[in-house]
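The lines below spell out each chain.
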Amino acid sequence: MSTVGALLAKDLRAELRAKQSLPAMALFAIATFVVFHFGLDRARLDGDLAAGVLWVTLLLAALLGINRLFVAELEEGGFDGFLLAPVDRTAMLVAKATALFLYLAGLELVAVPAFALLLDPGLGRALPELLWLLLLADVGIAVVGTLVAALTVQGRARELLVPLLALPLLLPLLIAAARGTAPLLEAGGGSLPLRWPAVLGLYDMVFGLLSYAVFDFLLED
Amino acid sequence: MTVSATPAIELAGLTRTYGERLALDGVSLALPAGATLALLGPNGAGKSTLLRVLATLLRPHAGRVRVLGRDLPRDGWAVRGRIGLLGHDPLLYRDLTARENLRFHAQLHRVGGDRVDALLDAVGMAARADEPVRTLSRGMVQRVAVCRAVLHDPELLLLDEPGSHLDPAAAALVEPLIGRASGRTRVVVRHDPAGALAEADLVLGLRGGRVVLTAAGGRLDPAALAALYG
Amino acid sequence: MYGKGLRGLSIATVLTLVGAFALVFFYAPTDADQGVIQKIFYVHVPMAIVALCGFVFAAAMAIQHLRTGERRYDLRAYVAIHLSLILGIGTLISGSIWAKASWGHWWVWDEPTLVSFLIVVLLYACYQPLRFAIEDPEKQARYASVFAITAGAFVPLNFLAVRLAQAYTHPRVLGTTGGSMPGSMRLTFLVSVVGMALLFATLWKYELASKHTAQQLRALRARLTGDAAAPTVRSGQPALPAESTV
């Protein structure tokens, strides 16, 4: 089994057993939709309001997953154990980003239907194109989230620093995702302007390459 | 004790700073293959730091470090798989079982899974191998940690108080794996000078990051020993 | 070593800034629509440009730090980010004043530069807290460099995304009336940019020299009173290693 595979299997096994990240993210998303319902005093959303509520909620829920991503490594000696092995160190970046991506996918499997149910934005027609946006955005959130998680896990005030660092960094992604989703959720139905997936793709590429280049420096001593 | 041409460890003026302090200050030593080195010294003397440098976890800031014939940190990748570290942290994931933990480390080190089962048997943990590490007593965790340290059959063992948390029966079980009888080169951090003298070929005392005491041939100057801890 | 050339640089800065000031008030034309307040453009935009260059420069210093492991690059990045952050806040304040004077609102979401800067400032404001959160000085420097590089790559992406989001909804509000700049404006603008850049360079060198001297003083004191007396104080500031020759 490859190093990335071994790491990923280990993380997923631990998550399935301890259920730390995914249930919390999903519950948080549902709770946030309810909060938005009462905060905005609306039973139905459409257009850019719907897009905004959806993406802001997904982003905030993602923060929970990002917070916990490296905690087991830190508290249970995972960094040392990994660093002692004769393996390529960027494997940890790939494995953790993939794990976060899978958690986000799991989150959306729950959150998107909940969104459709609670706030009735008329998702039906929008679904295929929305899935593309979700996919591209998840890659970006996974990569940036892993980087931020690695930067903050060994310091103090981790829970404070994660949102402070991650939210500005994820803003271009949020802009592209929300602006792309908005026309899809318009009352009359619309199509996805190509510029937004393009921006997401560019974002994913830039941060993917960047993380790959700098990650080693976060692990070594 | 086999004496081979290349010493297992060669340090010359190893220095490592922590901010403006010196964690290790010009440490030099040579340890032949198959020999045992015991490290003594008060807390904060740099023993754990030295162990971590030897394990390739920390890079030297100055001086020369040669482990198993390779220069660190440049060739760290080449020796990583030949060193086993048993520190204060057992390096085990608490939510996974002992067997799953060891299988994971086996995968990282490209070692077969059957070795995992054999080792668990050898330390008497076969019965509890499929329960989460969280549920095991500290002594049991230490036994599993020993398995983890020798899983990949390392040439060099770095042991930080390996006997801690082990009752005499358990200690006897792990002895063939990490003791003198294992035939591996060993660096052992200990707090009991008598025990150190008994099992070590070379004894070094560290204080303030510096080597202040050297003993070989089973004799320790009592005055020097008092100064080490005093 | 950092103090070399500081005097010449300071004089050049003062001269250029005075020259820019004179040009702004006596040479550059007054805008027909916005009046005298438009002249804040000569502060706002040069600040923005120099701040952005400062962030990119810091990222370059950070890359050097990771590549060579020499801590002086980390110190240079730290000071550059510190100064650029101040300039960034200045950009926001001057932009806000301009918006209030021209459009009656203290904040406008329609101005892409202003909005982008808000995000950038929010991000770089985390640089210092991140440093402070990590105790080991060497790790702190390395992580700070990773952050500086990440943030540096982020800046152009951010500007792109914000600009695209505004592109087809509103025209720019804080631009100058009419398209291109007349010659007199261009000259004044250039001198303002050069002045701001010189100011940045002077302050950068000055702060580096000051920190370096303070560190040498500490090292001397430690050597005189013995190692044990050197206090290990938690700090977000980069400390040069014990035997630094910088």
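If you're wondering where the values come from, they're calculated on a predicted model, not measured in any experiment.

Thresholds, definitions, all that
- Residues numbered from 1 in each chain as written.
- Chains lettered and ligands numbered in written order.
- Predicted model: local features only at pLDDT ≥ 70, side-chain atom pairs only at ≥ 80, totals over all residues.
- Helix = DSSP H or I, 4+ residues; strand = E, 2+ residues; numbered from the N terminus.
- Rg over C-alpha atoms; globule rule 2.2 N^0.38 Å.
- Buried ≥ 20, exposed ≤ 12 C-beta atoms within 10 Å, placed from the backbone.
- Contact = placed C-beta atoms within 7 Å.
- Pairing = 2+ DSSP bridges.
- Nonpolar A, V, L, I, M, F, W, Y, C, P; charged D, E, K, R; others polar.
- Expected span 1.5 Å × (residues − 1).
- Arc of directions from axis to C-beta.
- Axes fitted to C-alpha atoms, helices over the stretch in contact; angles between N-to-C directions.
- Right-handed = clockwise from strand over helix to strand, strands pointing away.
- pLDDT = per-residue confidence, 0-100.
- Parallel < 35°, antiparallel > 145°, perpendicular 65-115°, else oblique.
- Left-handed = near helix turned anticlockwise from the far one by under 90°.

Chemist: Honestly, the overall build of chain B in this entry has me stumped. Any pointers?
Modeler: If you tally the helices and strands in chain B, you get 8 helices and 10 strands. The C-alpha radius of gyration computed for chain B amounts to 18 Å, which stays within 12% of the reference 17 Å derived for 230 residues, consistent with globular compactness. A buried classification covers 48% of the 230 residues belonging to chain B. Of all intrachain contacts in chain B linking residues separated by at least 6 positions in sequence, the fraction that spans at least 24 positions is 70%.

Chemist: Sorry, what's going on with the environment of C:Thr30 here?
Modeler: Residues and elements named next belong to chain C. Here Thr 30 lies in the loop between α1 (6-26) and α2 (41-68). Owing to 11 C-beta atoms within 10 Å, Thr 30 belongs among the exposed residues under this scheme. Separated by 174 residues in the primary sequence, Thr 30 and Trp 204 place their C-alpha atoms 33 Å from one another. Contact partners of Thr 30, with chain neighbours within four places excluded, come to Gly 35 and Val 36.

Chemist: Sorry if this is basic, but what is going on with the environment of B:Arg16 here?
Modeler: Residues and elements named next belong to chain B. Along the chain, Arg 16 turns up in strand β1 (residues 9-18). The buried category is assigned to Arg 16, around which 25 C-beta atoms lie within 10 Å. Along the chain, Arg 16 and Pro 60 lie 44 residues apart, while their C-alpha atoms are 5.5 Å from each other. If we ignore the near neighbours within four places in the chain, the residues touching Arg 16 are Ala 23, Leu 24, Thr 49, Val 53, Leu 58, Pro 60 and His 61.

Chemist: Would you take a moment to explain the pairing of β1(B) for this structure?
Modeler: In summary, the side chains of a regular strand alternate between the two faces of the sheet. Residues and elements named next belong to chain B. Summarising the sheet, β1 and strand β2 (residues 21-31) pair through 7 bridges and their orientation is antiparallel. Among the inter-strand pairings, Leu 11 is bridged to a residue of β2, identified as Leu 29. Linking β1 back to β2 in an antiparallel pair, the connection comprises 2 residues, with Gly 19 at a positive phi of about 65°. Relative to strand β4 (residues 62-67), β1 runs antiparallel, the two sharing 5 bridges. Residue pairing for β4: Ile 9 is matched across the bridge by Val 67.

Chemist: Would you mind showing me how to read the interface of chain C and chain A here?
Modeler: Frequently, the measure chosen for interface size is the accessible area removed from exposure when the parts meet. With 24 residues of chain C at the interface, the matching set in chain A holds 24 residues. With 15 residues, helix α6 (residues 137-167) of chain C is the largest single contributor of residues to the side of chain C that touches chain A. Looking at the side of chain C that touches chain A residue by residue, the classes come out as 21 nonpolar, 2 polar and 1 charged.

Chemist: Teacher, can you tell me more about the environment of C:Tyr127 here?
Modeler: Residue and element names in this part refer to chain C. Following the sequence through the fold, Tyr 127 ends up in helix α5 (residues 127-133). Residue class for Tyr 127 comes out buried when judged on the 21 C-beta atoms lying within 10 Å of it. Sequence separation of Tyr 127 and Val 108 is 19 residues, and the distance between their C-alpha atoms is 26 Å. If near-sequence neighbours (up to four positions away) are discounted, Tyr 127 is found in contact with Ile 81, Ala 144 and Phe 147.

Chemist: What should I look at first to understand unusual backbone geometry in this one?
Modeler: Residues and elements named next belong to chain B. Residue Leu 72 is joined to Pro 73 through a cis peptide bond whose omega torsion reads 0°. In this fold, Pro 73 is placed in the loop between β5 (70-72) and α2 (76-79). Of note, Leu 68 is a non-glycine position whose phi angle comes to about 50°, a positive value. A tally of 21 C-beta atoms within 10 Å means that Leu 68 is categorised as buried. For Leu 91, which is not glycine, the phi dihedral falls at a positive 60°. For Leu 91, the position within the fold is in the loop between β6 (83-86) and α3 (98-108).

Chemist: Honestly, α1(C) in this entry has me stumped. Any pointers?
Modeler: Count 3.6 residues to each turn of an α-helix, and residues three or four apart come out pointing the same way. Residue and element names in this part refer to chain C. With 21 residues, α1 ought to run about 30 Å at 1.5 Å a step, and its terminal C-alpha atoms sit 30 Å apart, in line with that. Among all positions of α1, only Thr 13, Ala 20 and Leu 23 are buried. Down the axis of α1, the buried set is contained in an arc of 100°. They therefore lie on one face. Across from the buried face of α1, at angles greater than 90 degrees, the exposed residues are Arg 7, Ile 11, Leu 15, Val 18, Ala 22 and Phe 26. Lining the buried residues of α1 we find α7 (183-225).

Chemist: Would you take a moment to explain the sheet that holds β1(B) for this structure?
Modeler: Each strand in a sheet pairs with another by means of backbone hydrogen bonds, the pair being arranged parallel or else antiparallel. Residues and elements named next belong to chain B. A sheet is described by the order of its strands in space; here 4 strands give the open sequence β2-β1-β4-β5, paired in antiparallel fashion. Every other strand in the sheet has two partners, leaving β2 and β5 as the edge strands with one partner each. When strand polarity is set aside, the average angle formed by the axes of neighbouring strands in this sheet is 30°. Of the strand pairs in this sheet, β4 and β5 are connected by 3 bridges, and their pairing is antiparallel. What sits directly across from Val 67, in β5, is Arg 70.

Chemist: What am I meant to see in the pairing of strand β7 (residues 156-160) of chain B here?
Modeler: Residues and elements named next belong to chain B. With respect to burial, β7 is a largely interior element, 4 of its 5 residues being buried. Of the strand pairs in this sheet, β7 and strand β8 (residues 185-189) are connected by 5 bridges, and their pairing is parallel. Bridge pairing in β8 links Leu 156 to Thr 185. Remark: the β7/helix α6 (residues 168-178)/β8 crossover connection has right-handed handedness.

Chemist: Explain the interface of chain A and chain B to me, please; I cannot follow it from the model alone.
Modeler: Opposite the 20 residues of chain A that make contact, chain B presents 22 residues. Listed by contribution, the elements that provide at least two residues to the side of chain A that touches chain B are α1 (3-18) and α5 (78-83) of chain A. Ranked by residue count, the leading element in the side of chain A that touches chain B is α1(A), at 7 residues. Looking at the side of chain A that touches chain B residue by residue, the classes come out as 10 nonpolar, 4 polar and 6 charged.

Chemist: Please explain the sheet that holds strand β3 (residues 36-40) of chain B as it appears in this structure.
Modeler: Residues and elements named next belong to chain B. Spatial strand order, β6-β7-β8-β3-β9-β10: 6 strands in an open sheet with mixed pairing. The open sheet has two free edges, formed respectively by β6 and β10 (210-216), since each of these has just one partner strand. Ignoring which end each strand starts from, the neighbouring axes of this sheet average 15° apart. When strand β9 (residues 202-207) meets β10, the two strands line up antiparallel, connected through 6 bridges. Following the sheet pairing, Gly 205 is matched in β10 by Leu 213. Against the sheet, helix α5 (residues 138-150) makes contact with β6 and β7, and its axis sits at roughly 165° relative to β6, the strand it touches most.

Chemist: How should I be thinking about the confidence of the model for chain B in this particular structure?
Modeler: As a note on interpretation, predicted positions should not be read in detail where pLDDT is low. Here chain B shows a mean pLDDT of 89. Residues at 70 or above account for 97%. Across the interfaces of the predicted complex, the ipTM metric reaches 0.90, alongside a pTM of 0.90.

Chemist: Help me understand the packing of α3(B) against α5(B) in this model?
Modeler: Each pair of packed helices can be summarised by the angle the axes make with each other and by the distance between the axes. Residue and element names in this part refer to chain B. Two elements in contact, α3 and α5, have axes separated by 10 Å at closest approach and are oriented at 15°. With respect to α5, the axis of α3 lies roughly parallel. Note on packing geometry: the crossing formed by α3 with α5 is right-handed. Within the contact between the two elements, α3 uses Ala 98, Asn 101, Leu 102 and His 105 and α5 uses Val 144, Cys 147 and Arg 148. Among the residues forming the contact of α3 with α5, the class breakdown is 4 nonpolar, 2 polar and 1 charged.

Chemist: Quick question: what am I supposed to make of the packing of α2(C) against helix α3 (residues 71-103) of chain C here?
Modeler: Residue and element names in this part refer to chain C. Running from N to C, α2 and α3 cross one another at 160°; their axes reach a closest spacing of 8 Å. By the angle class used here, α2 and α3 are roughly antiparallel. For the pair α2 and α3, the crossing hand works out as left-handed. Looking at the contact of α2 with α3, its residues break down into 17 nonpolar, 11 polar and 2 charged.

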